Amino acid sequence: MSFKNPEQATIFRYLQEAKTIAVVGLSNKPERTSYQIAQLLQEHGYRIIPVNPVLAGEEVLGEPVVAQLTDINEPIDIVDIFRRSEFLPEVAADFLKTDAKVFWAQLGIENEEAAEMLQAAGRNDIVMDRCIKIELAKMEQ
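In this report, the structure presented in the accompanying data block is examined. (Residues numbered from 1 in each chain as written. Predicted model: local features only at pLDDT ≥ 70, side-chain atom pairs only at ≥ 80, totals over all residues. Heavy atoms only, no water.)

1. A word on the packing of aromatic side chains
Part 1: For the structure on display, the rule yields one aromatic pair.
Part 2: Ring centres of Phe95 and Phe103 lie 5.4 Å apart, and the angle between their planes is 90°; on these two criteria the pair is classed as edge-to-face.
Part 3: Among the residues examined, Phe103 registers a relative accessible area of 0% and is labelled buried. (Phe/Tyr/Trp six-rings, centres within 6.5 Å; stacked < 30°, edge-to-face > 60°. Buried < 20%, exposed > 50% of the residue type's maximum accessible area, 1.4 Å probe, protein only.)

And the structure:
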């Protein structure tokens, strides 16, 4: 893969400037990583917006779940993605239909095609294969 993550200082800036984080693939099961990390994001003062078509209309962590990114009618600072790598181009296509600022694929998740789609559209704030929880912990050291 030729995609390269931004420098550490840029990743920290994304986290410092963000207020609202859409969590794509958020589970309603407390034992799942997506749930635990979304909960941690809330504890750090971020507003989360759960995105999961299977759970749309329900609530997870006290927030209403939307089916897709394009259902969100407010500014999104970071889109934190918990979907398998092969689904990233689909998420990137939805991301491009929004004004979301940062496309963030969690640890172990990366896709060159998605990165190329985003970069071709001039959307260069991309993080892949990085855990937002680990990055928050680094920032607080």
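2. A look at the nonpolar core
Part 1: Within the largest apolar cluster, 26 residues are counted, with the highest numbers of intra-cluster contacts made by Val23, Leu41, Ile78, Trp104 and Ile132.
Part 2: Counting only elements with at least two residues in this core, the list comes to helix H1 (8–17), strand S1 (20–24), helix H2 (33–43), strand S6 (102–105) and helix H5 (132–140).
Part 3: The biggest single contributor to this core is H2, with five residues.
Part 4: When neighbours within four sequence positions are excluded, Leu41 is seen to be in contact with Ile21, Val23, Tyr46, Ile48, Asp80, Ile132 and Leu136.
Part 5: Of all hydrophobic cores here, the second largest spans 24 residues; its members include Val51, Val79, Ala105 and Ala115. (Core = buried A, V, L, I, M, F, W, Y, C linked by side-chain atoms within 4.5 Å. Helix = DSSP H or I, 4+ residues; strand = E, 2+ residues; numbered from the N terminus. Contact = heavy atoms within 4.5 Å.)

Read these as spatial facts, not as claims about activity.
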